[in-house]
Amino acid sequence: MNTKPVIILGIESSCDDTAAAVLAGTNILANVVAGQEVHKSFGGVVPELASRAHQQNIIPVVDEALKRAGVKREEISAVAFTQGPGLLGSLLVGGSFAKAFALALNIPLIPVNHMQAHILAHFIRKKVDSPQSIVHSSSPTTDHGLPTTDSKTPQFPFLCLTVSGGHTQIVLVKDYLEMEIIGQTTDDAAGEAFDKAAKIMGLPYPGGPLIDKYAQLGNPLRYKFPEAKIAGYDFSFSGLKTAFMYFIRDNGMDNTCTTPEEFISKNLNDICASLQHTIVQTLMNKLKLATKELGISQVAIAGGVSANSGLRNALLAEQEKSNWNVFIPPFEYCTDNAAMIAITGHYKLLQGQIEGEETGSKARLYF
Ligand code: KG4
Ligand code: ZN
(Lines give C-alpha, C1' and ligand atoms only; values in the text may rest on other atoms or scores of the structure.)
(Ligands and ions follow the chains in the order given, each with its own letter.)
Protein backbone atom coordinates (compact mmCIF):
# COMPACT_ATOMS: atom_id res chain seq x y z
CA MET A 1 0.00 0.00 0.00
CA ASN A 2 1.33 3.45 -0.90
CA THR A 3 1.25 5.67 2.23
CA LYS A 4 3.25 8.55 0.75
CA PRO A 5 1.44 11.92 1.05
CA VAL A 6 0.34 13.69 -2.09
CA ILE A 7 2.94 16.39 -2.86
CA ILE A 8 1.72 19.52 -4.59
CA LEU A 9 3.80 22.27 -6.18
CA GLY A 10 1.97 25.62 -5.95
CA ILE A 11 2.74 28.52 -8.30
CA GLU A 12 1.54 32.12 -7.75
CA SER A 13 2.14 35.01 -10.17
CA SER A 14 -1.07 37.08 -10.18
CA CYS A 15 0.44 40.47 -9.38
CA ASP A 16 3.95 41.48 -8.30
CA ASP A 17 5.13 38.47 -6.27
CA THR A 18 6.57 35.38 -7.93
CA ALA A 19 6.01 32.50 -5.53
CA ALA A 20 6.39 28.72 -5.32
CA ALA A 21 5.52 26.36 -2.49
CA VAL A 22 5.68 22.64 -1.80
CA LEU A 23 2.95 20.98 0.25
CA ALA A 24 2.81 17.34 1.47
CA GLY A 25 -0.80 16.57 2.39
CA THR A 26 -1.73 19.81 4.19
CA ASN A 27 1.78 20.29 5.63
CA ILE A 28 3.91 23.04 4.18
CA LEU A 29 7.47 22.00 3.28
CA ALA A 30 8.66 25.20 1.57
CA ASN A 31 7.18 28.61 0.81
CA VAL A 32 9.32 30.92 -1.33
CA VAL A 33 8.38 34.44 -2.46
CA ALA A 34 10.33 36.81 -4.70
CA GLY A 35 9.04 40.37 -4.41
CA GLN A 36 9.58 42.98 -7.13
CA GLU A 37 11.40 46.13 -6.05
CA VAL A 38 11.00 47.58 -9.53
CA HIS A 39 7.51 49.04 -8.79
CA LYS A 40 8.49 50.94 -5.65
CA SER A 41 9.03 54.35 -7.19
CA PHE A 42 5.96 54.16 -9.49
CA GLY A 43 3.36 54.26 -6.69
CA GLY A 44 1.77 51.04 -7.98
CA VAL A 45 2.43 47.87 -9.96
CA VAL A 46 3.51 48.44 -13.58
CA PRO A 47 2.00 45.42 -15.43
CA GLU A 48 4.67 45.04 -18.12
CA LEU A 49 7.52 45.26 -15.62
CA ALA A 50 5.73 42.71 -13.43
CA SER A 51 5.46 40.18 -16.30
CA ARG A 52 9.14 40.57 -17.14
CA ALA A 53 10.17 40.12 -13.52
CA HIS A 54 7.99 36.99 -13.20
CA GLN A 55 9.72 35.55 -16.24
CA GLN A 56 13.13 36.16 -14.67
CA ASN A 57 12.14 34.87 -11.23
CA ILE A 58 9.93 31.85 -11.87
CA ILE A 59 12.60 29.18 -12.46
CA PRO A 60 14.92 30.23 -9.57
CA VAL A 61 11.91 30.47 -7.22
CA VAL A 62 10.65 26.97 -8.08
CA ASP A 63 14.19 25.53 -7.85
CA GLU A 64 14.63 27.13 -4.43
CA ALA A 65 11.27 25.81 -3.17
CA LEU A 66 12.11 22.24 -4.26
CA LYS A 67 15.57 22.53 -2.69
CA ARG A 68 14.21 23.79 0.63
CA ALA A 69 11.50 21.14 0.66
CA GLY A 70 14.06 18.40 -0.09
CA VAL A 71 11.75 17.14 -2.85
CA LYS A 72 12.76 15.96 -6.34
CA ARG A 73 10.68 16.93 -9.37
CA GLU A 74 9.69 13.28 -9.96
CA GLU A 75 8.17 13.13 -6.45
CA ILE A 76 5.59 15.86 -7.19
CA SER A 77 2.05 14.53 -7.59
CA ALA A 78 0.33 17.62 -9.09
CA VAL A 79 0.89 21.30 -9.97
CA ALA A 80 -1.54 23.98 -8.78
CA PHE A 81 -1.30 27.48 -10.27
CA THR A 82 -3.15 30.79 -9.97
CA GLN A 83 -5.57 30.95 -12.89
CA GLY A 84 -6.94 34.38 -11.87
CA PRO A 85 -8.00 37.00 -11.01
CA GLY A 86 -4.98 39.22 -11.57
CA LEU A 87 -2.84 40.93 -14.20
CA LEU A 88 -3.09 38.85 -17.36
CA GLY A 89 0.58 39.20 -18.37
CA SER A 90 1.64 38.10 -14.89
CA LEU A 91 -0.82 35.20 -14.73
CA LEU A 92 0.36 33.91 -18.13
CA VAL A 93 3.93 33.47 -16.87
CA GLY A 94 2.96 31.27 -13.89
CA GLY A 95 0.24 29.49 -15.89
CA SER A 96 2.54 28.65 -18.80
CA PHE A 97 5.25 27.45 -16.42
CA ALA A 98 2.77 25.23 -14.54
CA LYS A 99 1.42 23.74 -17.77
CA ALA A 100 4.89 22.93 -19.08
CA PHE A 101 5.88 21.41 -15.72
CA ALA A 102 2.73 19.24 -15.55
CA LEU A 103 3.12 18.14 -19.17
CA ALA A 104 6.80 17.24 -18.75
CA LEU A 105 6.08 15.11 -15.66
CA ASN A 106 2.70 13.85 -16.87
CA ILE A 107 0.96 14.92 -13.64
CA PRO A 108 -2.38 16.70 -12.99
CA LEU A 109 -2.71 20.45 -13.51
CA ILE A 110 -4.98 22.32 -11.06
CA PRO A 111 -6.13 25.89 -11.81
CA VAL A 112 -6.79 27.88 -8.63
CA ASN A 113 -8.83 31.02 -7.87
CA HIS A 114 -6.50 33.45 -6.06
CA MET A 115 -9.24 34.87 -3.80
CA GLN A 116 -10.45 31.43 -2.77
CA ALA A 117 -6.81 30.54 -2.03
CA HIS A 118 -6.37 33.55 0.32
CA ILE A 119 -9.22 32.08 2.41
CA LEU A 120 -7.96 28.49 2.34
CA ALA A 121 -4.56 29.70 3.64
CA HIS A 122 -6.21 29.16 7.04
CA PHE A 123 -5.92 25.39 6.52
CA ILE A 124 -2.17 25.23 5.88
CA ARG A 125 -0.50 23.21 8.61
CA LYS A 126 2.82 24.19 10.22
CA LYS A 127 4.42 27.55 9.97
CA VAL A 128 7.71 27.69 8.06
CA ASP A 129 10.28 28.84 10.63
CA SER A 130 12.82 30.82 8.67
CA PRO A 131 12.08 33.78 6.38
CA GLN A 132 11.55 32.32 2.93
CA SER A 133 12.03 35.39 0.81
CA ILE A 134 14.78 34.96 -1.78
CA VAL A 135 14.67 38.44 -3.26
CA HIS A 136 14.57 41.46 -0.99
CA SER A 137 11.00 42.71 -0.66
CA SER A 138 9.87 46.00 0.88
CA SER A 139 7.49 44.23 3.24
CA PRO A 140 8.87 42.56 6.35
CA THR A 141 9.32 38.78 6.03
CA THR A 142 8.32 37.95 9.61
CA ASP A 143 5.37 39.07 11.66
CA HIS A 144 7.48 40.80 14.33
CA GLY A 145 5.19 39.68 17.13
CA LEU A 146 1.93 40.68 15.41
CA PRO A 147 -1.12 39.16 17.06
CA THR A 148 -2.07 35.91 15.32
CA THR A 149 -4.27 32.88 15.99
CA ASP A 150 -2.31 30.41 13.90
CA SER A 151 -2.79 27.34 16.11
CA LYS A 152 -6.47 26.77 15.22
CA THR A 153 -8.52 26.45 12.02
CA PRO A 154 -12.06 27.74 11.38
CA GLN A 155 -15.10 25.42 11.28
CA PHE A 156 -17.71 25.70 8.51
CA PRO A 157 -19.67 27.86 8.04
CA PHE A 158 -17.56 30.94 8.78
CA LEU A 159 -17.28 34.49 7.51
CA CYS A 160 -14.05 35.67 5.92
CA LEU A 161 -13.12 39.29 5.35
CA THR A 162 -10.76 39.08 2.36
CA VAL A 163 -8.86 42.33 2.01
CA SER A 164 -6.09 42.80 -0.53
CA GLY A 165 -4.71 45.30 -3.01
CA GLY A 166 -7.36 44.44 -5.59
CA HIS A 167 -10.30 43.06 -3.57
CA THR A 168 -12.39 43.70 -0.48
CA GLN A 169 -14.98 41.00 0.14
CA ILE A 170 -17.02 39.42 2.89
CA VAL A 171 -17.30 35.75 1.98
CA LEU A 172 -19.62 33.16 3.49
CA VAL A 173 -17.47 30.03 3.52
CA LYS A 174 -19.71 26.94 3.61
CA ASP A 175 -17.04 24.36 2.77
CA TYR A 176 -13.49 24.23 1.38
CA LEU A 177 -14.66 24.92 -2.15
CA GLU A 178 -18.15 26.24 -1.50
CA MET A 179 -18.03 29.98 -0.96
CA GLU A 180 -20.42 32.89 -1.54
CA ILE A 181 -19.41 36.56 -1.76
CA ILE A 182 -22.05 38.40 0.29
CA GLY A 183 -20.43 41.85 0.18
CA GLN A 184 -17.67 43.57 -1.78
CA THR A 185 -16.25 46.94 -2.69
CA THR A 186 -18.09 48.93 -5.30
CA ASP A 187 -14.89 50.80 -6.27
CA ASP A 188 -11.41 50.80 -4.65
CA ALA A 189 -10.17 47.93 -2.48
CA ALA A 190 -9.03 48.51 1.12
CA GLY A 191 -5.39 47.83 0.17
CA GLU A 192 -5.74 50.29 -2.69
CA ALA A 193 -7.00 52.94 -0.22
CA PHE A 194 -3.85 52.41 1.87
CA ASP A 195 -1.59 52.46 -1.20
CA LYS A 196 -3.21 55.53 -2.81
CA ALA A 197 -3.11 57.50 0.46
CA ALA A 198 0.56 56.55 0.82
CA LYS A 199 1.23 57.77 -2.72
CA ILE A 200 -0.46 61.11 -1.92
CA MET A 201 1.95 61.41 1.05
CA GLY A 202 4.95 60.61 -1.18
CA LEU A 203 5.54 57.18 0.41
CA PRO A 204 6.77 54.29 -1.81
CA TYR A 205 4.61 51.38 -3.03
CA PRO A 206 3.21 49.33 -1.34
CA GLY A 207 2.16 51.94 1.20
CA GLY A 208 0.00 49.69 3.43
CA PRO A 209 2.84 48.27 5.56
CA LEU A 210 4.39 51.76 5.97
CA ILE A 211 1.12 53.39 7.02
CA ASP A 212 0.69 50.53 9.52
CA LYS A 213 4.20 51.15 10.88
CA TYR A 214 3.71 54.91 11.39
CA ALA A 215 0.12 54.43 12.64
CA GLN A 216 1.41 52.43 15.59
CA LEU A 217 3.11 55.61 16.87
CA GLY A 218 0.21 58.02 16.25
CA ASN A 219 -3.14 59.19 17.62
CA PRO A 220 -5.98 57.49 15.67
CA LEU A 221 -8.56 60.06 16.81
CA ARG A 222 -6.66 63.23 15.87
CA TYR A 223 -8.17 63.62 12.37
CA LYS A 224 -11.63 62.59 11.16
CA PHE A 225 -12.17 61.09 7.70
CA PRO A 226 -15.53 60.20 6.12
CA GLU A 227 -16.87 56.65 6.16
CA ALA A 228 -18.95 55.76 3.08
CA LYS A 229 -22.59 54.91 3.69
CA ILE A 230 -23.26 51.92 1.41
CA ALA A 231 -26.18 49.51 1.74
CA GLY A 232 -25.81 45.93 2.98
CA TYR A 233 -22.36 44.37 3.29
CA ASP A 234 -20.78 46.31 0.41
CA PHE A 235 -17.92 48.82 0.76
CA SER A 236 -16.69 51.96 -0.96
CA PHE A 237 -13.25 53.53 -0.50
CA SER A 238 -12.97 55.96 -3.43
CA GLY A 239 -14.56 58.83 -1.44
CA LEU A 240 -12.01 58.38 1.33
CA LYS A 241 -9.17 58.68 -1.17
CA THR A 242 -10.59 61.96 -2.54
CA ALA A 243 -11.27 63.34 0.95
CA PHE A 244 -7.71 62.44 1.96
CA MET A 245 -6.26 64.23 -1.06
CA TYR A 246 -8.11 67.49 -0.18
CA PHE A 247 -7.24 67.07 3.52
CA ILE A 248 -3.50 67.01 2.70
CA ARG A 249 -3.81 69.92 0.25
CA ASP A 250 -5.83 72.14 2.61
CA ASN A 251 -3.78 71.44 5.74
CA GLY A 252 -0.58 72.08 3.79
CA MET A 253 -1.70 75.67 3.32
CA ASP A 254 -3.11 76.61 6.74
CA ASN A 255 -1.41 79.04 9.11
CA THR A 256 0.95 76.46 10.63
CA CYS A 257 2.39 74.97 7.44
CA THR A 258 3.37 76.40 4.08
CA THR A 259 3.43 73.16 2.04
CA PRO A 260 1.66 69.78 2.13
CA GLU A 261 5.11 68.17 2.57
CA GLU A 262 5.70 70.19 5.74
CA PHE A 263 2.28 69.21 7.12
CA ILE A 264 2.92 65.53 6.36
CA SER A 265 6.38 65.43 7.90
CA LYS A 266 5.21 67.19 11.10
CA ASN A 267 2.14 64.96 11.57
CA LEU A 268 2.91 61.69 9.74
CA ASN A 269 2.18 59.33 12.64
CA ASP A 270 -1.18 60.92 13.51
CA ILE A 271 -2.25 61.14 9.84
CA CYS A 272 -1.44 57.44 9.31
CA ALA A 273 -3.11 56.39 12.58
CA SER A 274 -6.30 58.36 11.79
CA LEU A 275 -6.51 57.06 8.21
CA GLN A 276 -5.91 53.46 9.32
CA HIS A 277 -8.52 53.86 12.06
CA THR A 278 -11.12 54.95 9.46
CA ILE A 279 -10.36 52.02 7.10
CA VAL A 280 -10.38 49.49 9.95
CA GLN A 281 -13.65 50.88 11.37
CA THR A 282 -15.28 50.71 7.92
CA LEU A 283 -14.26 47.05 7.55
CA MET A 284 -15.27 46.16 11.11
CA ASN A 285 -18.70 47.81 10.90
CA LYS A 286 -19.72 45.70 7.89
CA LEU A 287 -18.27 42.57 9.44
CA LYS A 288 -20.23 43.20 12.66
CA LEU A 289 -23.42 43.69 10.64
CA ALA A 290 -22.87 40.41 8.76
CA THR A 291 -22.13 38.37 11.91
CA LYS A 292 -25.24 39.79 13.57
CA GLU A 293 -27.64 39.30 10.66
CA LEU A 294 -26.36 35.83 9.69
CA GLY A 295 -25.85 34.63 13.25
CA ILE A 296 -22.29 33.48 12.52
CA SER A 297 -19.59 34.28 15.07
CA GLN A 298 -16.64 32.47 13.47
CA VAL A 299 -14.75 35.24 11.71
CA ALA A 300 -11.57 34.96 9.66
CA ILE A 301 -9.49 37.51 7.77
CA ALA A 302 -7.34 36.94 4.69
CA GLY A 303 -5.35 38.84 2.05
CA GLY A 304 -2.53 41.38 2.28
CA VAL A 305 -4.40 43.89 4.46
CA SER A 306 -4.98 41.15 7.07
CA ALA A 307 -1.33 41.77 7.98
CA ASN A 308 -2.46 45.15 9.34
CA SER A 309 -1.91 45.46 13.10
CA GLY A 310 -4.91 47.79 13.56
CA LEU A 311 -7.27 45.31 11.89
CA ARG A 312 -5.85 42.37 13.86
CA ASN A 313 -6.21 44.23 17.16
CA ALA A 314 -9.77 45.35 16.31
CA LEU A 315 -10.75 41.73 15.60
CA LEU A 316 -9.21 40.46 18.81
CA ALA A 317 -11.00 43.22 20.75
CA GLU A 318 -14.31 42.17 19.15
CA GLN A 319 -13.57 38.55 20.06
CA GLU A 320 -13.42 39.62 23.71
CA LYS A 321 -16.44 41.89 23.49
CA SER A 322 -18.86 39.90 21.31
CA ASN A 323 -17.69 36.32 21.85
CA TRP A 324 -16.46 35.96 18.28
CA ASN A 325 -14.13 33.12 17.43
CA VAL A 326 -11.47 34.92 15.41
CA PHE A 327 -8.98 33.42 12.92
CA ILE A 328 -5.96 35.47 11.87
CA PRO A 329 -3.45 33.82 9.53
CA PRO A 330 0.30 33.91 10.16
CA PHE A 331 1.93 36.85 8.42
CA GLU A 332 3.56 34.82 5.63
CA TYR A 333 0.15 33.55 4.48
CA CYS A 334 -1.53 37.01 4.46
CA THR A 335 0.23 38.63 1.52
CA ASP A 336 0.52 36.81 -1.80
CA ASN A 337 2.18 33.40 -1.53
CA ALA A 338 2.06 30.00 -3.24
CA ALA A 339 1.37 27.95 -0.10
CA MET A 340 -2.26 29.11 -0.34
CA ILE A 341 -2.36 28.04 -4.00
CA ALA A 342 -0.97 24.61 -3.09
CA ILE A 343 -3.49 24.05 -0.25
CA THR A 344 -6.36 24.99 -2.58
CA GLY A 345 -4.86 22.56 -5.12
CA HIS A 346 -4.89 19.90 -2.39
CA TYR A 347 -8.66 20.27 -1.80
CA LYS A 348 -9.43 20.52 -5.53
CA LEU A 349 -7.42 17.37 -6.24
CA LEU A 350 -9.38 15.52 -3.54
CA GLN A 351 -12.54 16.44 -5.46
CA GLY A 352 -11.00 15.56 -8.83
CA GLN A 353 -11.09 19.18 -10.00
CA ILE A 354 -8.16 19.01 -12.43
CA GLU A 355 -8.00 20.42 -15.94
CA GLY A 356 -6.23 19.71 -19.20
CA GLU A 357 -3.43 21.78 -20.72
CA GLU A 358 -5.95 23.82 -22.73
CA THR A 359 -7.07 25.65 -19.54
CA GLY A 360 -6.38 29.41 -19.73
CA SER A 361 -5.37 32.27 -17.41
CA LYS A 362 -8.18 34.72 -16.59
CA ALA A 363 -7.78 38.35 -15.48
CA ARG A 364 -11.35 38.20 -14.14
CA LEU A 365 -12.38 35.05 -12.34
CA TYR A 366 -15.30 34.51 -9.97
CA PHE A 367 -16.28 31.71 -7.65
O1 KG4 B 1 -2.96 40.00 -1.02
P2 KG4 B 1 -1.89 40.92 -1.47
O3 KG4 B 1 -0.46 40.56 -1.15
O4 KG4 B 1 -1.95 41.13 -3.02
C5 KG4 B 1 -3.14 41.25 -3.73
O6 KG4 B 1 -3.73 40.18 -4.04
O7 KG4 B 1 -3.55 42.40 -3.94
O8 KG4 B 1 -2.24 42.36 -0.87
C9 KG4 B 1 -1.42 43.47 -1.13
C10 KG4 B 1 -2.02 44.65 -0.42
C11 KG4 B 1 -1.34 45.97 -0.75
O12 KG4 B 1 -2.34 46.93 -1.03
C13 KG4 B 1 -0.59 46.31 0.53
O14 KG4 B 1 -0.42 47.70 0.74
C15 KG4 B 1 -1.52 45.71 1.57
O16 KG4 B 1 -1.92 44.48 1.01
N17 KG4 B 1 -0.85 45.47 2.86
C18 KG4 B 1 -1.16 46.14 3.98
C19 KG4 B 1 -0.28 45.66 5.00
N20 KG4 B 1 0.53 44.72 4.43
C21 KG4 B 1 0.17 44.61 3.14
N22 KG4 B 1 -2.09 47.08 4.21
C23 KG4 B 1 -2.17 47.56 5.47
N24 KG4 B 1 -1.36 47.18 6.49
C25 KG4 B 1 -0.41 46.23 6.29
N26 KG4 B 1 0.37 45.85 7.30
ZN1 ZN C 1 -3.67 38.44 -3.08
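Residues numbered from 1 in each chain as written. Chains lettered and ligands numbered in written order. Predicted model: local features only at pLDDT ≥ 70, side-chain atom pairs only at ≥ 80, totals over all residues. Heavy atoms only, no water.

Turning to the domain arrangement of the protein, a few remarks are in order. When its domains are assigned, the protein resolves into domain 1 (7–136 + 336–350) and domain 2 (158–328). Relative placement of domain 1 and domain 2: their C-alpha centres are 27 Å apart. Overall, the association of domain 1 and domain 2 removes approximately 1600 Å² of surface from exposure, summing both partners, and the carbon and sulfur fraction of that is 76%. Summed over the three residues of domain 1 that lose the most area to domain 2, namely Met115, Ile119 and His122, the buried surface amounts to 37% of that side. Here domain 1 and domain 2 share zero salt bridges between them. (Domains from an automatic or database assignment. Buried area = accessible area lost by both parts, 1.4 Å probe. Salt bridge = Lys/Arg side-chain N within 4 Å of Asp/Glu carboxyl O.)

Moving on, we come to the confidence of the model for the protein. For the protein, per-residue confidence averages 92 on the pLDDT scale, and residues scoring 70 or more make up 93% of the total. Here residues 135–144 is modelled with pLDDT under 50, and outside its nearest four sequence neighbours on either side it reaches 18 contacts, counting other chains as well. (pLDDT = per-residue confidence, 0-100. Contact = heavy atoms within 4.5 Å.)

Around ligand 1 sit 19 residues, and of these Gly165, Asp195, Asp212, Asn308 and Asp336 come closest. Here an oxygen atom of ligand 1 and a backbone polar atom of glycine 165 are 2.8 Å apart. The contact in question runs from a nitrogen atom of ligand 1 to an N or O atom on the side chain of asparagine 308, over 2.9 Å. Of the residues assigned to the shell around ligand 1, the class counts are five nonpolar, eleven polar and three charged. Each of domain 1 (7–136 + 336–350) and domain 2 (158–328) contributes no fewer than three residues to the shell around ligand 1. (Near = heavy atom within 4 Å. Polar contact = N/O pair within 3.5 Å; in protein donor to acceptor, adjacent residues only side chain to side chain. Nonpolar A, V, L, I, M, F, W, Y, C, P; charged D, E, K, R; others polar.)

This brings us to the pattern of salt bridges. Counting across every chain of the model gives 13 salt bridges. When the shortest N-O distance is used, the salt bridge between aspartate 270 and arginine 222 registers 2.7 Å. Taken together, the residues aspartate 270 in helix α7 (residues 260–294) and arginine 222 in the loop between α5 (207–215) and α6 (238–251) connect sequence positions 48 residues apart. Residue aspartate 270 is classed as buried on the basis of its relative accessible area of 16%. Its salt-bridge partner being lysine 266, residue glutamate 262 comes within 2.9 Å of it at the nearest N-O pair. Remark: lysine 266 and glutamate 262 occur in helix α7; sequence separation between them is four residues, near one turn of the helix. Lysine 266 gets classed as exposed once you look at its relative accessible area, which sits at 52%. Several salt bridges converge on common partners, so that one network encompasses Asp188, Glu192, Lys196 and Lys241. (Helix = DSSP H or I, 4+ residues; strand = E, 2+ residues; numbered from the N terminus. Buried < 20%, exposed > 50% of the residue type's maximum accessible area, 1.4 Å probe, protein only.)

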